[in-house]
Amino acid sequence: VISLTTNNLLWLLEPLQKKFRGDFYIPKAAQRELVTKPLETKKFKFEALQILQYINKGVLKIIDNQEIRKKTFHLLDLANNSFKAQVHHINILHFAEVETLSTAIYLQSSAVVVDERTCRILIEKPKDLVRILNAKLHTEVSVNKNNIIEFQKETRNINIIRSVELVTVAYELGLLDQYIAKISNPKKTLLESVLWGVKLNGCAVSQQEIDQIVKLEIK
């Protein structure tokens, strides 16, 4: 949501919702992070107002119940007690992103949009996360394998996508055609611009991935 908002692309959610006849849900904790807290700031207040507009329109639906919160605390405990540097556990996930995963499990969602790298790697390739933490902290990181196995079991049916995939689908559907300009390689320029836009505003995607997407889409 943040990467789309900062690139003036949040409006894409509505036509995507209609095209695929689905719904976009965000949990209560995400609403606090996206709207409630930013409204108390000067820097992010306008972004919060834009997001609030789509909540009020029902494009972004808020969900909150005891079952989701219970699952969230369980997953958060597993994740943040899975890795240890010396004698200290490493808090790798935050409540809002874990509540998003719990909401997806509760709703049996077809996909979860997560731009943060750590959350996605923990679900898909936890061994890679050990290597990343070792390099980042410059110390040996120990792993609670039982917690990792349990976390993966809980999240095994979650399909992770990112805002970069959302904007690529929007490009394929022609939703971004209004931005095609009379310049050299207009479609390639458009696609690169939105892919790099979401990358530079929080989406964990590599330059190599962007190059691959552009190569596949521009023929």
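Please read all numbers here as calculations on a predicted model, not as lab measurements. (Residues numbered from 1 in each chain as written. Predicted model: local features only at pLDDT ≥ 70, side-chain atom pairs only at ≥ 80, totals over all residues. Heavy atoms only, no water.)

J.: With reference to specific residues and values, describe the sheet that holds strand E4 (residues 88–89).
T.: Reading across from one edge, E4-E3-E6 is the order of the three strands in this open sheet, with antiparallel pairing throughout. Two strands in the sheet have a free side with no partner beyond their single neighbour: E4 and strand E6 (141–143). Sheet topology places strand E3 (residues 83–85) next to E6; three bridges connect them, and they run antiparallel. Looking across to E6, one finds that Lys-84 is bridged to Ser-142. (Pairing = 2+ DSSP bridges. Helix = DSSP H or I, 4+ residues; strand = E, 2+ residues; numbered from the N terminus.)

J.: Tell me about the layout of surface pockets, and please be specific about residues and values.
T.: Over the atoms a probe the size of a water molecule is rolled, and this reveals where empty space is left. Of the volumes computed, that of the largest pocket is approximately 1,400 Å³. Every residue lining the largest pocket is counted, 44 residues in all, and those nearest its centre are Val-1, Ile-26, Thr-100, Val-113 and Val-114. Examining the composition of the lining of the largest pocket, we find that six residues originate from one element, helix H6 (residues 95–107), more than from any other. Here the residues of the lining of the largest pocket are counted per class, giving 28 nonpolar, 10 polar and six charged. Approximately 200 Å³ is the volume attributed to the second largest pocket. A total of five residues in the lining of the second largest pocket trace back to one element, the largest contributor, which is helix H8 (residues 126–137). Split into classes, the residues belonging to the lining of the second largest pocket amount to six nonpolar, two polar and two charged. (1 Å grid on protein atoms, 1.4 Å probe; cavity = no way out; pocket = protein on both sides within 12 Å on 5 of 7 lines; lining within 4 Å. Points joined across faces, edges and corners; volume = space filled by probe spheres on them. Nonpolar A, V, L, I, M, F, W, Y, C, P; charged D, E, K, R; others polar.)

J.: Could you give an account of unusual backbone geometry, with specific residues and numbers?
T.: One can expect most non-glycine residues to show negative phi and most peptide bonds to be in trans. Backbone geometry places Arg-21, a non-glycine residue, at a positive phi of 50°. With respect to the helices and strands, Arg-21 occurs in the loop between helix H2 (13–20) and strand E1 (24–27). For Asn-185, which is not a glycine, the phi torsion comes out positive at approximately 50°. Take Asn-185: it is sitting in the loop between helix H10 (163–172) and helix H11 (186–199).

J.: How would you summarise the pattern of salt bridges if you had to cite specific residues and measurements?
T.: Counted under the stated rule, the structure contains seven salt bridges. The partner of Lys-61 in a salt bridge is Asp-23, with the nearest N and O atoms 3.9 Å apart. Residue Lys-61 is found in strand E2 (residues 60–63), and its partner Asp-23 is found in the loop between H2 and E1; the two are separated by 38 residues along the sequence. For Asp-23, a relative accessible area of 44% translates into the label partly exposed. Taking the shortest distance from any N to any O, the salt bridge between Arg-162 and Glu-165 comes out at 2.8 Å. Connected through shared salt-bridge partners, Arg-162, Glu-165 and Glu-209 make up one network. (Salt bridge = Lys/Arg side-chain N within 4 Å of Asp/Glu carboxyl O. Buried < 20%, exposed > 50% of the residue type's maximum accessible area, 1.4 Å probe, protein only.)

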